[in-house]
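Letter by letter, the chains look like this.
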Amino acid sequence: TPSVSGATILIISNSSSTTITNFTDGVDGQVIYLYFSDSNTTINRSNAYLAGGAVFVSTFADMLVLVKSGTYWYEISRSANS
């Protein structure tokens, strides 16, 4: 559960299987760009409304863009490079 306080771009690089269930310390209207330099990260739908209602499983060089509104993060776009 990474803090995104003041963050715009997060480079996510996990050496083993990791599930992110939430992004903390965000503010309404905040947009975060998640760049994945691994194929080991899953973004859970616990606190994010993702396209297709499914979890997001990264592959190398994917990018996921989210915006915060209220208590949830909403997907703006993604580039899946698999």
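Along each chain, residue indices are assigned from 1 in the same order as the chain's sequence is written. Where totals are concerned, whole chains, interfaces and linings use all residues; where local detail is concerned, this predicted model gives features only for residues with pLDDT of at least 70, and gives and counts side-chain atom pairs only at 80 or more. With hydrogens and water stripped out, all remaining heavy atoms of the structure feed into the side-chain values.

### Things to note about a nonpolar patch on the surface
Put simply, the rule is: Put simply, a patch holds well-exposed residues, over 30% relative accessible area, that have no salt bridge, with like charges counted together within 9 Å and Val, Leu, Ile, Met, Phe, Trp or Tyr side chains within 5 Å. All accessible-area figures derive from a Shrake-Rupley calculation using a 1.4 Å probe, and residue coverage is judged against the displayed protein chains alone. Should a side-chain nitrogen of Lys or Arg be within 4 Å of a carboxyl oxygen of Asp or Glu, the pair is scored as a salt bridge. A run of DSSP states H or I qualifies as a helix once it reaches four residues; a run of E qualifies as a strand once it reaches two. Both are numbered from the N-terminal end.
Judged by side-chain polarity, Ile9, Ile11 and Tyr33 come together as a nonpolar surface patch covering roughly 330 Å² of accessible area. Of note, isoleucine 9 is situated in strand β1 (residues 9-12).

### Topic: the environment of tryptophan 73
In plain terms, the rule: Residue contacts are defined here by distance: any two heavy atoms, one from each residue, within 4.5 Å place the two residues in contact.
Here tryptophan 73 lies in strand β8 (residues 72-79). Residues tryptophan 73 and asparagine 40, 33 residues apart in the sequence, show an inter-C-alpha distance of 21 Å. Residues in contact with tryptophan 73, not counting those within four places in the same chain, are Val4, Asn22, Phe23, Gly26, Gln30, Ile32, Asn47, Ala48, Tyr49, Leu66, Val67 and Lys68.

### Concerning the sheet that holds β1
What counts is decided by this rule: Strands were regarded as paired on the criterion that DSSP finds at least two bridges between them.
In space, the 5 strands of this open sheet follow the order β1-β3-β7-β8-β5, with mixed pairing throughout. Of all the strands in the sheet, just β1 and β5 (48-49) have a single pairing partner and so form its edges. The pairing of β5 with β8 spans 2 bridges and is parallel. Across the sheet, the residue bridging to tyrosine 49 is tyrosine 74, located in β8.

### Quick notes on the nonpolar core
Inclusion rule: Residues enter a nonpolar core if they are buried and are Ala, Val, Leu, Ile, Met, Phe, Trp, Tyr or Cys, with the set joined through side-chain atoms within 4.5 Å. Three labels apply to residues, based on accessible area from a 1.4 Å probe with only protein chains included: buried if under 20% of the type maximum, exposed if over 50%, partly exposed otherwise in between.
Phe23, Ile32, Leu34, Ile43, Leu64 and Leu66 are the most contacted members of the largest nonpolar core, which totals 16 residues. Of all the elements in the fold, those that place two or more residues in this core are β1, β3 (31-36) and β7 (63-69). The biggest single contributor to this core is β3, with 3 residues. Setting aside residues up to four positions removed in sequence, isoleucine 32 forms contacts with Val4, Ala7, Thr8, Leu10, Phe23, Leu64, Val65, Leu66 and Trp73.

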